[in-house]
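Report on the structure
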Amino acid sequence: MADRVSRAPLRVVIADDQALVRTGFGMILAADGIEVVAGAADGAEAVTAVLRTRPDVVLMDIRMPRMDGIEATRRILADAAPDGVRVVILTTYDLDHYVYAALAAGASGFLLKDVTPEHLVAAVRLVQSGDALLAPAITRRLVERFARPGEPAAALHRDLSGLTPRELEVLRLLATGLSNAELADRLVLSPTTVKTHIGRILSKLDLRDRVQAVVLAYETGLIAPGGRP
């Protein structure tokens, strides 16, 4: 069973109201052996397509008719979606409050629409492997600009009291934009130990990846914009 799954092609849904974007991205992915199982012209179609086709990754435009990509992302990740599905936002601008809202809703990163074919393919494979698509420093800039400490959703959704003092320290440092290697150096730990701490943080807080961990750290007030742990 595991061997069959490992050989299965990566499956993607592309949601964008521009047919040219859906077709172009689909051709790029197909040329690299990635299967595009469905296309969607709006958020509602995207939700339906994901539940029907059970993809590994969804490429989601933000501004679409009927239902935008933020609400579609929220529904896909909150409802009866396939386990492990990842959403990547397609956008024109990187420092955009819509991008931040999508990350807060659970997206694992974003791509600019002028992305190169090589970067598009690499990004889809990276996200499918379980990693977040944003560099920590980019995540921090987005969150510092748009996060609202004390958001009711953050307070209701998470309880940081379950983290150990060491895990809180790791989360604070993670929120400042440090990579795993930098965390290991700062805390005088092995990279493997740092990865273990981050894994436990994500598990305890029911987070998909480090992007959501950074968002949470700011919205719960664990770290203030521009602040240092």
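Notes on the structure in this doc start here. (Residues numbered from 1 in each chain as written. Predicted model: local features only at pLDDT ≥ 70, side-chain atom pairs only at ≥ 80, totals over all residues. Heavy atoms only, no water.)

Thoughts on the sheet that holds strand 4 (residues 86–91)
So the rule is basically this: Paired strands are those between which DSSP finds at least two bridges. Strands here mean DSSP runs of E at least two residues long; helices mean DSSP runs of H or I at least four residues long; both are numbered from the N terminus. Geometry is summarised by axes, namely lines fitted to C-alpha atoms with helices restricted to the contacting stretch, and by angles between N-to-C directions that run from 0 to 180 degrees. When checking whether two residues touch, look at their non-hydrogen atoms; a contact exists if any pair is within 4.5 Å.
The five strands lie next to each other as 2-1-3-4-5, forming an open sheet whose pairing is parallel. Of all the strands in the sheet, the pair left with one neighbour each is strand 2 (35–40) and strand 5 (110–112). Strand-to-strand, the axes of this sheet are offset by a mean angle of 20 degrees, without reference to chain direction. One ladder, built from four bridges, connects strand 1 (residues 11–15) with strand 3 (residues 57–61); its direction is parallel. Its bridge partner lying in strand 3, Val-13 is registered against Val-58. Sitting on the sheet, helix 3 (residues 43–53) touches strand 1, strand 2 and strand 3, and the angle it makes with strand 2 is about 145 degrees. Here helix 4 (residues 69–78) sits on the sheet in contact with strand 3 and strand 4, set at roughly 155 degrees to strand 3.

A look at helix 9 (residues 165–175)
Just so we agree on the cut-off: Working definition: with a 1.4 Å probe on protein chains only, accessible area under 20% of the residue-type maximum means buried, over 50% means exposed, and in between means partly exposed.
Among all positions in helix 9, only Glu-167, Leu-168, Val-170, Leu-171, Leu-173, Leu-174 and Ala-175 are buried. Residue Gly-177 follows helix 9 closely and has a positive phi angle near 100 degrees.

What to know about the packing of helix 9 against helix 10 (residues 180–187)
In plain terms, the rule: Should an angle lie under 35 degrees it is considered roughly parallel, over 145 roughly antiparallel, and from 65 to 115 roughly perpendicular; all remaining angles are considered oblique. Two helices cross in a left-handed way if the nearer one is turned anticlockwise from the farther one by less than a right angle. They cross in a right-handed way if the turn is clockwise. Polar here means any residue outside two lists: the nonpolar Ala, Val, Leu, Ile, Met, Phe, Trp, Tyr, Cys and Pro, and the charged Asp, Glu, Lys and Arg; Gly therefore counts as polar.
Their axes nearest at 10 Å, the elements helix 9 and helix 10 cross at an angle of 130 degrees. What the angle tells us is that helix 9 and helix 10 run oblique. Between helix 9 and helix 10 lies a crossing whose hand is right-handed. Of helix 10, the residues touching helix 9 (which contributes Arg-166, Glu-169, Val-170, Leu-173 and Leu-174) are Leu-183, Arg-186 and Leu-187. The class makeup of the residues in the contact of helix 9 with helix 10 is five nonpolar, no polar and three charged.

Quick notes on the pairing of strand 2
To keep things clear, this is the line we draw: Whether a crossover is right-handed depends on one test, that the path from the first strand over the helix to the second runs clockwise when the strands point away from the viewer.
Two strands pair when backbone bridges link them, and strand 1 and strand 2 are joined in this way by five bridges, in the parallel orientation. For Ile-14, the partnering residue across the bridge sits in strand 2 and is Gly-39. Crossover strand 1 to strand 2 through helix 2 (residues 19–31) is right-handed.

Remarks on the side chain of His-197
Within the fold, His-197 resides in helix 11 (residues 191–204). When its relative accessible area of 13% is taken as the criterion, His-197 is described as buried. Residues contacting His-197, with those up to four places away along its chain left out, are Arg-166, Glu-167, Val-170 and Leu-189.

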